[in-house]
Structures are given as C-alpha cells and as structure tokens.
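Each chain is listed here by its residues.
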Amino acid sequence: MLVLGVESSCDETGLALYDTQRGLLAHALHSQVAMHEEYGGVVPELASRDHIRRAIPLLEQVLAKAEVTRPAIDAIAYTQGPGLAGALLVGASVACGLGLALDRPVLGVHHLEGHLLSPLLSKDPPSFPFVALLISGGHTQLMRVDGVGQYTLLGETMDDAAGEAFDKSAKLLGLGYPGGPAISRLAEFGDPGTYKLPRPMLHSKDLNFSFSGLKTAVLTLVKNHVVNICEQDKANIARAFVDAIVDVLVAKCLSALKETGLKRLVIAGGVGANRQLREALNAAAQKRRFRVFYPELEFCTDNGAMIAFAGAMRLQINPQAAKRDYGFNVRPRWPLDELRVV
C-alpha cells in the first residue's frame, strides 16, 4: 500500500510517500520560519496562505523523488488536528481534492499520533510497549504506548508546555524566532550555577508538568537587571533555564518508567531535538539500564513522513478506516487519548 501524507498543522508544509513494504520513499518539507521571523511568531493567516502555495509543488517533488505517478497512490492521509484551523483546512482540502480526483480513500490523522510514532521510522525503531514523552508545541505529555491507537495518558502539563516555555523565555531574552533552538544554543555558552531557577512540580509525586512558573522566574531575573543584560549574563540565564527544564523532564521520565515497569522510552516532538535533553537522557539511560529512542532529527519537527506513516499503520490494522466521503472537517483541539483503533 502506497500512502501519501499531507501535513499543514502550523508553519511547516510537509508531504511524503510511505510504502508499507518498502518504507519511506520520499518526503519534502517547506518551513515558514523565515516568513514568520519578522513578526516574532506564527501569523495564522500568513501560514494558511503559504500552505496553499507550497502543497502542490511539494507533491510533485515527492512524486519525482519516489519515481511514481499520482495513480500509484493507494490512499491519502492528512493532518486533521490539532493545530491552526485555517492551516489544517488547507491540508484537508488538498488531500480530499486529490482523493476525489484520483478516486482514492482519505484518512484524517492525529498530528500528535504522527509525532508519537515517528521514532518507528528510524533505523533502530522501538518495539511496543514503551513510555513516550511527547513534547511538541503546546503539548507536553507522558504516554504509555501499547500499540497503534493504544495510548494511556500518564501525565501532562497543567499550564505552559515545555515548547511554549522555551519560546517565551527566549523572547524575554531578546532572542529570535523560533526561540527554542536559539535559547538552547545560547545556553551552551552559559556558566552552570550562576543562577538557580525553580524546578516546577519536580517533587509532586505525579507525572504532571507545569512550566509557567519557570517562565515567570526568567522574567523576574530579566527585570532585576537595572541596565541592559550583557551577552554573558543572557547565556547564564539561558543555561539556568535549560538546566531546570531538562531536570524536570528527565525526572518525570524516570518516574514514568518506574511506575510502568517498562524499559523503553521514546522522545517525540520538536523539543526532542534539544541537545541538552538528549545528553541528560542518554546519561540516565546508561546509569539506569533502559533504552531511549529518538526520531531522526529531520522528523522531530512537523513533517509529512510521520503523517504518511501513521496513516499507513492505521490502514494496516483497519483498511476500512479510510473513506471515499470527501467532505471533511478539522479538529483544532483534539485530545490524543480520544484516539482508539477503529
């Protein structure tokens, strides 16, 4: 089965072709970072318009890479939610329009399920069951994953997600967009221990998170400087922030593994590309004798490959999940724990 994946939930347009026998054949991605950088964040209307411009050229690109024609596509998967409503509508309309033109079934895919399953695209994929730390955009969740569609929520953020805390703290330090990678790079030049920031809910005895207080602590540090902050001080604050957030994420992951008795941990989503987090988790894994799995770096951020793959996995379980009803709706808010294998 050859599945086309279409991703357009936020500020990346991604298309990919996944074959259930041969694996990922081709994928193409356009990032809107340069366009949104001028505004310091994603402008939804601009994002939607750019998805319209990019989708079909990217489709032609992946077809050429895979050396297949449109009629070879067996099914089309698209991101149905969560995400920006206008951006989701573009991807859904492209997918359903292609499905109608080719007389192929279409399937709406949960964006976070795509992230959750993306490590299975790697050369050394994890086997089920595993604990997953899902850190993507406005989501920070710990899940037990027993199979495709078999997800148990173990803990989640009570306010700001890790990615939001990265972006907001970066903005407080006057760093560019996107803030997460910028503050992580700056932290590498900071001196550890110069500033001490709180580790919210580190000892809460549950698996939930809270990062709004950490962001507020960074704001207080910045405001306490009566003159402009020098670059070294910015780096020191960035280091303190990254150390705090990594400590919390690692501690919660260890607690989740202990609670479930599992020995496999998957890190999925954009923050999963963070170098400091990977180093801390790898060190913990070596000490505690568990395995940690990451997506390939190109699949940490939003991409069409994870949507094509998630759609293909769903269709292997239930070939009737894809429909030839080309009316569509999107779900800007869609809890992952609502998903079940249909």
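Residues numbered from 1 in each chain as written. Predicted model: local features only at pLDDT ≥ 70, side-chain atom pairs only at ≥ 80, totals over all residues. Heavy atoms only, no water.

Draft legend 1. Representation of the packing of helix H8 (residues 231–260) against helix H9 (residues 275–288). Close contact between H8 and H9 brings their axes to 10 Å; oriented N to C, the two are set at 35 degrees. Here H8 and H9 pass one another in a crossing that is right-handed. Where H8 approaches H9, its residues Val242, Val246, Leu249, Val250, Cys253 and Leu254 are matched on the opposing element by Gln276, Leu277, Ala280, Leu281, Ala284 and Arg288. Classifying every residue of the contact of H8 with H9 by side-chain character gives 10 nonpolar, 1 polar and 1 charged. (Axes fitted to C-alpha atoms, helices over the stretch in contact; angles between N-to-C directions. Helix = DSSP H or I, 4+ residues; strand = E, 2+ residues; numbered from the N terminus. Left-handed = near helix turned anticlockwise from the far one by under 90°. Contact = heavy atoms within 4.5 Å. Nonpolar A, V, L, I, M, F, W, Y, C, P; charged D, E, K, R; others polar.)

Draft legend 2. Broad picture of the nonpolar core. Grouped together as the largest cluster of nonpolar side chains are 49 residues, with contacts concentrated most on Leu197, Phe211, Phe241, Ile245 and Leu265. At the level of elements, strand E6 (130–136), helix H5 (162–172), helix H6 (179–187), helix H7 (212–223), H8, strand E9 (264–268) and H9 are the ones that each hand at least two residues to this core. Setting aside chain neighbours within four positions, we find leucine 197 in contact with Leu214, Ala217, Val218, Leu221, Ile237, Ala240, Phe241 and Ala244. Among the nonpolar cores identified, the runner-up in size contains 36 residues, and Leu120, Ala132, Met143 and Leu339 belong to it. (Core = buried A, V, L, I, M, F, W, Y, C linked by side-chain atoms within 4.5 Å. Buried < 20%, exposed > 50% of the residue type's maximum accessible area, 1.4 Å probe, protein only.)

Draft legend 3. Representation of the pattern of salt bridges within the structure. This structure, assessed with the given rule, holds 17 salt bridges. Its salt-bridge partner being arginine 199, residue aspartate 247 comes within 2.9 Å of it at the nearest N-O pair. Of this pair, aspartate 247 sits in helix H8 while arginine 199 sits in the loop between H6 and H7; the two residues are 48 residues apart in sequence, bridging distant segments of the chain. Accessibility expressed as a relative area gives 35% for aspartate 247, which makes it partly exposed. (Salt bridge = Lys/Arg side-chain N within 4 Å of Asp/Glu carboxyl O.)

Draft legend 4. Focus on the sheet that holds strand E1 (residues 2–7). What the 5 strands build is an open sheet, ordered E3-E2-E1-E4-E5; its pairing is mixed. One side of each edge strand has no neighbouring strand; the edge strands of this open sheet are strand E3 (23–31) and strand E5 (106–110). Strand-to-strand twist across the sheet, computed as the mean angle between neighbouring axes with direction ignored, equals 20 degrees. Summarising the sheet, E1 and strand E4 (residues 75–81) pair through 4 bridges and their orientation is parallel. (Pairing = 2+ DSSP bridges.)

Draft legend 5. Inspection of the sheet that holds strand E10 (residues 291–293) at higher detail. Taken together, the 5 strands give an open sheet; going across it, the order is E8-E7-E6-E9-E10, and neighbouring strands pair in mixed fashion. The open sheet has two edge strands, strand E8 (150–156) and E10, and neither has a second partner. Put simply, the sheet's adjacent strands are angled 25 degrees from each other on average, direction ignored. As paired elements, strand E7 (residues 139–147) and E8 share 6 bridges and run antiparallel to each other. Directly across from methionine 143, in E8, lies its bridge partner leucine 153.

Draft legend 6. Structural view of the packing of H5 against H6. Two elements in contact, H5 and H6, have axes whose closest approach is 7 Å; the angle formed by their N-to-C orientations is 65 degrees. Classed by the angle they form, the pair H5 and H6 counts as roughly perpendicular. Where H5 crosses over H6, the two elements pack in a sense that is left-handed. Where H5 approaches H6, its residues Phe166, Asp167, Ser169 and Ala170 are matched on the opposing element by Gly179, Gly180, Ile183 and Ser184. Residues of the contact of H5 with H6, tallied by class, amount to 3 nonpolar, 4 polar and 1 charged. (Parallel < 35°, antiparallel > 145°, perpendicular 65-115°, else oblique.)

Draft legend 7. Focus on the environment of alanine 72. Note that alanine 72 resides in the loop between helix H2 (44–66) and E4. Once the C-alpha coordinates of alanine 72 and leucine 197 are considered, the two residues, 125 residues apart in sequence, prove to be 55 Å apart.

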